[in-house]
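As a plain string of letters, each chain reads:
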Amino acid sequence: MKFKLSLFNVFLLLALIALIGVATLSGISATTMRNTMLSDRQDKVKQIVLGVNTIVRHELAKQKNNEQTPEATRERILSAIQSVRFDGDNYIFAITYDFCTLAHVDPTKMGKCKKLPRREVFNELAKNGGGFSRYKGPKPGFQGDTFDKVSYIHPVPEMNMYIGTGAYMLDDIELGVRATLKRNPNHFNDKVGHVDSAELLIIADSTARQNALVSNEVDLIDKVELQTADLLKKNTR
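Definitions and cut-offs
The residue numbering used here restarts from 1 in each chain and proceeds along that chain's sequence as written. Note on the predicted model: pLDDT of at least 70 is required for a residue's local features to be given, and 80 or more for side-chain atom pairs to be given and counted; whole-chain, interface and lining totals, by contrast, use all residues. The basis for every side-chain value is the complete set of non-hydrogen atoms in the structure, without hydrogens or water. Each helix is a run of DSSP H or I of at least 4 residues and each strand a run of E of at least 2, with the numbering of both proceeding from the N terminus. Under the scheme applied here, a residue whose accessible area is under 20% of the maximum for its type counts as buried, over 50% as exposed, and between as partly exposed, the area being computed with a 1.4 Å probe on protein chains only. Contacts: residue pairs with any heavy atoms within 4.5 Å of one another. Each accessible area is a Shrake-Rupley estimate made with a 1.4 Å probe; only the visible protein chains count as cover when residues are assessed. When DSSP locates at least two bridges between a pair of strands, those strands are taken to pair. Axis geometry follows a simple rule: fit a line to the C-alpha atoms, using only the stretch in contact for helices, then measure angles between N-to-C directions, giving values from 0 to 180 degrees. Only a pair of cysteine sulfur atoms within 2.5 Å counts as a disulfide in this structure description. Within this scheme, the nonpolar core is defined by two criteria: the residues are buried Ala, Val, Leu, Ile, Met, Phe, Trp, Tyr or Cys, and they are joined through side-chain atoms within 4.5 Å.

S.K.: For this particular structure, what's the right way to read the overall build of the protein?
M.R.: Of the regular secondary structure elements, the protein holds 5 helices and 9 strands. Split into buried and exposed, the 237 residues of the protein put 33% on the buried side. Contacts in the protein between residues at least 24 apart in sequence constitute 48% of all its contacts with a sequence separation of at least 6. Accessible surface, the protein: about 15600 Å² in total, of which carbon and sulfur atoms supply 57%.

Here you go:
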């Protein structure tokens, strides 16, 4: 079967094919961008939680070495978690496996125990080693649990609790993530806390992380690659 098309129809057909191609590419590009944003967002919240967990493990190690009492360890850990803020007013929460809030940005929730479906999911994640949870949540200035969020949960079994934080999945992605810790003026031991504040900067790329140390942008880094460790030791900064 043969079709006869006028020159106008030929141009129209070519234009439609081009539009379909552009729409397809746009759809693929948008999907790729969204997946990249979600991946970056997940990495962001995970790195922040793991950074705070480094502080937790340090305090627990001091307790294990009999350098401080369990009561002091608990106080120092919760105080540190409570002081963390990043990207404005974002925070780290700490909740027990019995659904009781130990650290939260909202002081009215402190010490209260409430079993919620989301916390049940967090509990299961923590008891299985931690991980991500995606859900619909509220957003300041808006009504209802209608915004996509992702949280990362990490267990602290020694204290029968988990720590975590969340982020809106489709917000703008920042290239750097900073978490600011401030000295607690009401801490029970006035002999600790030798600085007024400290800032955690999440730098995922190992080369950029080491360059930041060498160039005096940061004072300490972790996850140093073995092949460059000796070079860093020789640096006189």
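S.K.: What should I look at first to understand the sheet that holds strand S5 (residues 131-137) in this one?
M.R.: Sheet strands line up and pair through hydrogen bonds in the backbone, either parallel or antiparallel. What the 5 strands build is an open sheet, ordered S4-S3-S7-S6-S5; its pairing is antiparallel. Single-partner strands in this sheet number two, and they are strand S4 (101-103) and S5. The mean angle between the axes of side-by-side strands here comes to 35°, regardless of whether they run parallel or antiparallel. Looking at chain direction, strand S6 (residues 147-156) and strand S7 (residues 161-168) are connected through 8 bridges and run antiparallel. Bridge pairing links Ser 151 to Gly 166 in S7.

S.K.: What is the right way to read the state of the cysteines from this model?
M.R.: A covalent bond bridging the sulfur atoms of two cysteines is what the word disulfide describes. On inspection of all chains with the given rule, the structure shows 1 disulfide. Between Cys 100 and Cys 113 runs a disulfide, and the two sulfur atoms are separated by 1.8 Å. Taking the torsion about the S-S bond as the criterion, the Cys 100 to Cys 113 disulfide, at about 100°, is right-handed. A residue pair is termed long-range when its members are at least 10 positions apart, and Cys 100 in the loop between strand S3 (93-96) and S4 and Cys 113 in the loop between S4 and helix H3 (117-127) qualify at 13 residues.

S.K.: Hey, could you run me through the nonpolar core in this one?
M.R.: Nonpolar side chains tend to gather and get buried jointly when the protein is soluble and globular. The biggest cluster of nonpolar side chains holds 21 residues, and the ones touching the most others in it are Ile 77, Ile 81, Ile 92, Ala 94, Val 156, Met 161 and Ile 163. Here this core gets 6 residues from one element, more than from any other, and that element is helix H1 (residues 7-64). Residues in contact with Met 161, not counting those within four places in the same chain, are Ile 77, Leu 78, Ile 81, Ala 94, Ile 95, Thr 96, Tyr 97, Leu 102, Pro 155 and Val 156. Grouped together as the second largest cluster of nonpolar side chains are 9 residues, Phe 93, Ile 95, Leu 125 and Ile 153 included.

S.K.: Would you explain unusual backbone geometry in this entry?
M.R.: Peptide bonds are, in most cases, trans, and in most cases residues other than glycine have a negative phi. In this structure, Asn 66 is a non-glycine residue whose phi angle is positive, near 60°. Note that Asn 66 resides in the loop between H1 and helix H2 (70-83). Even without glycine at this site, Asn 160 takes up a positive phi of about 55°. Here Asn 160 is to be found in the loop between S6 and S7. Residue Asn 160 is classed as partly exposed on the basis of its relative accessible area of 34%.

S.K.: Could you clarify how one ought to interpret the pairing of S6 in this entry?
M.R.: Burial within S6 is extensive, with 8 of its 10 residues counted as buried. Note: S5 against S6, 7 bridges, orientation antiparallel. Bridged to Tyr 135 within S6 is Lys 149. Connecting the antiparallel pair S6 and S7 is a turn made up of 4 residues, with Asn 160 showing a positive phi of about 55°.

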